[in-house]
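Secondary and tertiary structure notes
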Amino acid sequence: MFGVVKMQMARFFAVGFFALCLLSVGGERVTYTSSGCDFPAIYNFGDSNSDTGANSAAFYPMASPCGETFFHRPAGRGCDGRLIIDFIAKHLGLPYLSPYLDSLESNFRHGANFASGGAAIRRSNESMSENGVSPFYLDIQIAQYTQFKSRTISLSSQAEIQSDRFPIVDDFAKALYTFDIGQNDLAAGFRKKFSSEQFEAQITDMINQQANAVRNLYEQGARTFWIHNTGPIGCLAVTLHNIHNPSPGLVDGQGCDKFQNDMAKQFNRQLEQKVIQLRKELPLSAITYVDVFATKYELIGNATKHGFLDKANICCGYHEHDDHVWCGNKGIISNGTQVYAGSCEDPSLYISWDGVHYTEAANRWIADQIVGGSFSDVPVPITDSCHRIRSE
Ligand SMILES: *[C@@H]1O[C@H](CO)[C@@H](O)[C@H](O)[C@H]1NC(C)=O
Ligand SMILES: *[C@@H]1O[C@H](CO)[C@@H](O)[C@H](O)[C@H]1NC(C)=O
């Protein structure tokens, strides 16, 4: 059965150049007209995987050696350089996103970033000092966006404050809305030692709350959503360092924590189903589900083939036996020696920057994999992700 092309006709005629594409979605052939979406802005929601400086602005600045590879100074990211969201912005021809909370140097003409390291989808009563849990959970990020948008609209009538750093009201509807969140909800469940049965119900609640965030933005006029699933949390390098002589059932084919990865996959299955449901429920939406898990797992599983050292290597941080000195910190290890956890000589060879976060080189590799659409449902390049694809 052939699908029907549906898209914003105004854009269709404005661009004047397009190609007809054929896709196979769930065994059905569908067509869409590719004309490039020309997103004027990106609004991002998430955790440390895409925090470009929220926590640095709100709490304490990210310290050296973070940022050394690309920015040559700490740049608010838990990374030696850029994050996946930075490479996405670059790919779309847009500047790197300013964090909403940053009071200096910000430029919101092309969007804003609400992501905060440690943020979960759900509100948590765990503390930031103990478990790194951000108070800016997803609902707060959506509230920040709502305030950002309504203040933009009310201020935009005052001509004198208009600057080229100020958002354009019409761009909110045309922007790309990106999500990368959920990892910290899973991590909280691991700390609470949830069983897989408990996780099942908790994950349903996480996904429902994430769906509510999408609905909320949609009701405010957002149309295009690009939603990353959650990565293989059981393969984080610090986790690998804590696995010693595991019994066979506890690790997966890559030697990663099997239970943790199974819960991540469960989260992803429910998220993918929810996206399919949301597409039906929100008729003017274009929602892409992106299998970041698969790209990260491929990178981790075939590190050497892709030009990286083995997945367990951490560029910045000292993690041996029970000693953990985190990137950029000093600490006394169990034999009484003081250790400074500085960075490795060549971060581009490492997948893991600090044991939890990926390096710029890994983020670039992952972004290169996903922007073309081959890890997406539906498999459309990010540049075309505004087109609603309906198989009928
Ligand atoms: C790694 O590469 C091999 C050979 O190309 C492939 O079969 C496998 O699925 C890849 N991924 C992982 C995680 O091993
Ligand atoms: C303690 O451990 C570190 C790291 O393995 C090592 O470099 C150092 O020589 C050790 N110091 C002593 C006193 O054993």
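Predicted, not measured: the structure shown is a model, and the values here were computed from it. (Residues numbered from 1 in each chain as written. Chains lettered and ligands numbered in written order. Predicted model: local features only at pLDDT ≥ 70, side-chain atom pairs only at ≥ 80, totals over all residues. Heavy atoms only, no water.)

1. So, the overall build of the protein chain
Convention followed: Only DSSP runs of H or I covering at least 4 residues are called helices, and only runs of E covering at least 2 are called strands; the numbering of each starts at the N terminus. Using a 1.4 Å probe on the protein chains alone, a residue whose accessible area is under 20% of its type maximum counts as buried, one over 50% counts as exposed, and one in between counts as partly exposed. When checking whether two residues touch, look at their non-hydrogen atoms; a contact exists if any pair is within 4.5 Å. The Shrake-Rupley method, run with a 1.4 Å probe, gives the accessible areas here. Residue values count only the displayed protein chains as cover.
In terms of helices and strands, the protein chain carries 12 helices and 14 strands. Sorting the 392 residues of the protein chain into buried and exposed places 54% on the buried side. If you take every contact in the protein chain between residues at least 6 apart in sequence, the share linking residues at least 24 apart comes to 70%. On the protein chain, roughly 17,300 Å² of surface is accessible, and the fraction owed to carbon and sulfur atoms is 52%.

2. Observations concerning the state of the cysteines
Quick reminder of the rule: Cysteine sulfur atoms are paired as a disulfide whenever they come within 2.5 Å of each other.
Scanning all chains against the criterion turns up four disulfides. The partner cysteine of cysteine 316 in its disulfide is cysteine 327, sulfur to sulfur 2.1 Å. Across the S-S bond linking cysteine 316 and cysteine 327, the dihedral sits near 85 degrees, which makes this disulfide right-handed. Placement of cysteine 316 in the loop between helix H11 (292-301) and strand E9 (317-320) and of cysteine 327 in the loop between strand E10 (323-326) and strand E11 (330-332) is noted, with a sequence separation of 11 residues between them. Counting its disulfide-bonded cysteines in sequence order, the protein chain shows a connectivity of 1-8, 2-3, 4-7, 5-6. This cysteine, cysteine 66, is not joined by any disulfide, and cysteine 327 carries the nearest cysteine sulfur, 4.9 Å off. Considering cysteine sulfurs only, cysteine 66 is the nearest to cysteine 79, which forms no disulfide, with 7.7 Å between them.

3. A word on the site of ligand 2
What counts is decided by this rule: Only a single heavy atom is needed: when it lies within 4 Å of a molecule or strand, its residue is near that molecule or strand. Each polar contact in these results corresponds to two N or O atoms within 3.5 Å; when the atoms are within protein, one needs to be able to donate a hydrogen and the other to accept it, and residues that are neighboring in sequence are counted only if both atoms are side-chain atoms. All amino acids are sorted into three groups, where Ala, Val, Leu, Ile, Met, Phe, Trp, Tyr, Cys and Pro are nonpolar, Asp, Glu, Lys and Arg are charged, and the leftover types, Gly among them, are polar.
Around ligand 2, the neighbouring residues are Tyr318, Ile333, Asn335 and Thr337. Contact between ligand 2 and asparagine 335: an oxygen atom at 2.5 Å from a side-chain N or O atom of the residue. Here a nitrogen atom of ligand 2 sits 3.1 Å away from a polar atom, N or O, in the side chain of threonine 337. Within the complex, 34% of the 370 Å² of free accessible area of ligand 2 lies under protein. Broken down by class, the residue content of the shell around ligand 2 amounts to two nonpolar, two polar and no charged.

4. Considerations on the nonpolar core
Side chains of a nonpolar character, in soluble globular proteins, are inclined to be buried together. The following threshold applies: By convention a nonpolar core is built from buried Ala, Val, Leu, Ile, Met, Phe, Trp, Tyr and Cys residues, the set being connected through side-chain atoms within 4.5 Å.
Ranked by internal contacts, the top residues of the largest apolar core, which has 81 residues, are Tyr43, Phe45, Tyr177 and Phe225. The greatest single-element share of this core, amounting to nine residues, is contributed by helix H8 (residues 196-219). In contact with tyrosine 177, other than residues within four places in its own chain, are Tyr43, Phe45, Tyr145, Phe172, Leu217, Ala222, Thr224, Phe225 and Trp226. Among the nonpolar cores identified, the runner-up in size contains seven residues, and Cys66, Cys315, Cys316 and Tyr350 belong to it.

5. What to know about helix H7 (residues 183-191)
In terms of burial, H7 is largely enclosed, as seven of its nine residues are buried. Those residues of H7 that fall on the buried side of the exposure criterion are Gln183, Asp185, Leu186, Ala187, Ala188, Gly189 and Phe190. Looking at the buried residues of H7, the elements they touch are H8 and helix H10 (258-281). Backbone geometry just downstream of H7 places lysine 193 in the positive-phi region, at approximately 55 degrees.

6. Here we look at the side chain of serine 50
By the element assignment, serine 50 lies in the loop between strand E4 (42-46) and helix H2 (54-58). You can call serine 50 buried: its relative accessible area is 3%.

7. Considering the confidence of the model for the protein chain
Selection criterion: A score from 0 to 100, pLDDT tells how confident the predictor is in each residue.
Residue-level pLDDT values for the protein chain average 90, and 89% of them are 70 or greater. Ignoring residues within four places in sequence, the model shows residues 1-30, a span with pLDDT below 50, making 70 contacts including any to other chains.

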